[in-house]
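Working through the structure, step by step
If you want the building blocks of each chain, they are given just below.
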Amino acid sequence: MKTTNPVLARLGQAAERERAAGYAQPGPYGQPGYPAAPGYPQQQTPYQQQYPAGTGYPAAPPTVTPMTLDDVVVKTVTLLAILGASAAAAWVLVPDAMVGVAWIGAAVVGLALGLIISFSRMANPALVVAYAVIEGVFVGMVSKAFNSLYDGIVLQAVAATFGVFFLMAMIYKARIIRATPKFTKILVSVMVGLFAAMLINFVLALFGVNTGLRDGSPLAIIFSLVCIVVASLSFVLNFAEIEEGVRMGLPQRYSWTAAFGILVGLVWLYIEILRLLSYFQGDD
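Residues numbered from 1 in each chain as written. Predicted model: local features only at pLDDT ≥ 70, side-chain atom pairs only at ≥ 80, totals over all residues. Heavy atoms only, no water.

1. What about the overall build of the chain?
Note the following rule: Where helices and strands are cited, they refer to DSSP runs of H or I of at least four residues and of E of at least two residues respectively, numbered from the N terminus. Relative accessible area decides the class of each residue, using a 1.4 Å probe on protein chains only: under 20% of the type maximum gives buried, over 50% gives exposed, and in between gives partly exposed. When checking whether two residues touch, look at their non-hydrogen atoms; a contact exists if any pair is within 4.5 Å.
Of regular secondary structure, the chain possesses nine helices and zero strands. Secondary structure elements of the chain, listed N to C terminal, follow the sequence α-α-α-α-α-α-α-α-α. Within the chain, buried positions represent 40% of all 284 residues. Within the chain, contacts between residues separated by at least 24 positions form 80% of all contacts whose residues are at least 6 apart in sequence.

Right, here's the structure in full:
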């Protein structure tokens, strides 16, 4: 399955590169699958001895552990725990006067890290964990700001976010919605358009221009609803990519990249739900 998902699009390419390389890993000189020391012959595995190169037989089985669905689940839970701990720490430690600065700073750094991870050619668990920490600060600051205005809104948004996520997981498992090429192309195009609109709105807001997308007006409500629907549907792309990655035998470390994709969707969905709920809270 070829995809245009900007977060997990390179997983299939990575699998092809890994398999083409025979999944070789660094190790002792001269051992099977490892480079031989200068002047010494290269040892071969029994499989290589039985089927020498060029005989037309398939390559030897991979020598690294492939990714499984359980790996992705564990990594996703781990990243959520890191994000939650970071958000809680930021909520408690960052003074109220610094919430805005920390909010913007974490958003900028998180965006930069997210782009690096999304377009990187290799899975990097350290960067993914760092992203979870930074996004935790961002989520914590946003949540603290909204909760100071509307008490209890954070718990409502968290419950709604995970409710939507599990609903989408059940819908995908039942194959009610499929990540067909047409569906993927349309959804990614809409996502790009929404992010462009949000970026333009943010820049204009810095100059005091109100576009009506984030002020609680009917237009803002419609925009948030569209974002929530699109963020929810993005999980279909994530689930399809994970399923394909498991089928293709991606190395286990790529489960971090898959978990990163889910984390991005969850954060986006949470922020949009938080905004939407705030529009109906009134001025109490």
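Moving on, there is more to tell.
2. Looking at the packing of aromatic side chains
The condition is simple: Two aromatic rings, drawn from Phe, Tyr or Trp (for Trp, its six-membered ring), form a pair once their centres lie within 6.5 Å of each other, and the interplanar angle then sorts them: stacked below 30 degrees, edge-to-face above 60, tilted otherwise.
With the rule as written, the count across this model stands at seven aromatic pairs. Pairing Tyr131 with Phe260 gives two aromatic rings, centres 5.0 Å apart and planes at 75 degrees, and the pair type is edge-to-face. Of this pair, Tyr131 sits in helix α5 (residues 125–149) while Phe260 sits in helix α9 (residues 255–279), placing them 129 residues apart in sequence. Centroid distance Phe165 to Phe235: 5.0 Å. Interplanar angle 85 degrees. Geometry classified as edge-to-face. Of the two residues, Phe165 sits in helix α6 (residues 153–173) while Phe235 sits in helix α8 (residues 218–248), which places them 70 residues apart along the sequence. Owing to a relative accessible area of 13%, Phe165 belongs among the buried residues under this scheme. On the basis of relative accessibility, which here comes to 0%, the residue Phe235 falls in the buried class. One aromatic cluster is present, built from ring pairs that chain together Phe165, Phe166, Tyr172, Phe235 and Phe239.

3. Overview of the packing of α5 against α9
As a reminder, the rule being used: In this analysis an axis means a line fitted to C-alpha atoms, helices contributing only their contacting stretch, and an angle means the value between N-to-C directions, from 0 to 180 degrees. An angle below 35 degrees is read as roughly parallel, one above 145 as roughly antiparallel, one from 65 to 115 as roughly perpendicular, and any other as oblique.
Close contact between α5 and α9 brings their axes to 11 Å; oriented N to C, the two are set at 10 degrees. Here α9 runs roughly parallel to α5, going by the angle between their axes. Listed contacts from α9 to Pro125, Val128, Val129, Tyr131, Ala132, Glu135, Phe138, Val139, Val142, Ser143 and Phe146 of α5 are Trp256, Phe260, Leu263, Val264, Val267, Tyr270, Ile271, Leu274, Arg275 and Ser278.

4. Let's talk about unusual backbone geometry
Despite not being glycine, Arg175 shows a phi value in the positive range, around 60 degrees. Its place among the elements puts Arg175 in the loop between α6 and α7 (181–206).

5. What to know about α6
We count it as follows: To estimate the expected span of a helix, count its residues, drop one, and scale the result by 1.5 Å. In this context, the arc is that of the directions from the helix axis out to the C-beta atoms.
Taking 1.5 Å of rise per residue, the 21 residues of α6 would be expected to cover 30 Å, and the 30 Å separating its terminal C-alpha atoms lies within 8% of that figure. Inspection of α6 places Ile153, Val154, Ala157, Thr161, Phe165, Met168, Ile171 and Tyr172 among the buried residues, and these make up the whole buried set. End-on view of α6: buried residues confined to an arc of 130 degrees, all on one side of the axis. In α6, the exposed positions that point more than 90 degrees away from the buried face belong to Leu155, Ala159, Met170 and Lys173. Packing partners of the buried residues in α6 comprise α3 (69–93), α5, α8 and α9.

6. Digging into the side chain of Glu135
When you line up the elements, Glu135 lands in helix α5. Look past the residues within four positions of Glu135 in its chain and what remains in contact with it is Leu83, Ala106, Gly110 and Val267.

7. Some details on the packing of α6 against α9
Threshold: In this scheme the handedness of a crossing depends on how the near helix is turned from the far one: anticlockwise by less than a right angle means left-handed, clockwise means right-handed. Nonpolar residues are Ala, Val, Leu, Ile, Met, Phe, Trp, Tyr, Cys and Pro. Charged residues are Asp, Glu, Lys and Arg, and all others, Gly as well, are polar.
Where α6 meets α9, the closest approach of the two axes is 9 Å, and the angle between their N-to-C directions is 130 degrees. Between α6 and α9, the angle is such that the two are oblique. The two elements α6 and α9 cross, and the hand of that crossing is right-handed. Mapping the contact onto sequence places Ile153, Val154, Gln156, Ala157, Val158, Ala160, Thr161, Val164 and Phe165 in α6 and Ile262, Leu266, Leu269, Tyr270, Ile273, Leu274, Leu277 and Ser278 in α9. Within the contact of α6 with α9, the residues separate by chemical class into 14 nonpolar, three polar and no charged.

8. Focus on the side chain of Asn201
Our working rule: Side-chain atoms alone can form a polar contact between residues adjacent in sequence; in general such a contact is a pair of N or O atoms within 3.5 Å, and within protein one must be able to donate a hydrogen while the other accepts it.
When you line up the elements, Asn201 lands in helix α7. Within the structure, Asn201 has its side chain in polar contact with the side chain of Thr211 (distance 2.3 Å). Those residues within four positions of Asn201 in sequence are excluded, and the remaining contacts are Thr211, Leu213 and Arg214.

9. Quick word on a nonpolar patch on the surface
Spelled out, the test is: Patch members must show over 30% relative accessible area and no salt bridge, and they are joined within 9 Å when carrying like charges or within 5 Å when they are nonpolar side chains of Val, Leu, Ile, Met, Phe, Trp or Tyr. Surface accessibility in these figures is a Shrake-Rupley result with a 1.4 Å probe; residues are shielded only by whichever protein chains are displayed. Whenever Lys or Arg places a side-chain nitrogen within 4 Å of a carboxyl oxygen from Asp or Glu, that contact is recorded as a salt bridge.
On the surface, a nonpolar cluster with roughly 790 Å² of combined accessible area is contributed by Leu199, Ile200, Phe202, Val203, Leu204, Leu206, Phe207 and Val209. Mapped onto the secondary structure, Phe202 falls in helix α7. Looking at Phe202, the relative accessible area reads 44%, which means it is partly exposed.

So far we have only geometry, and geometry alone does not tell us how the molecule works.
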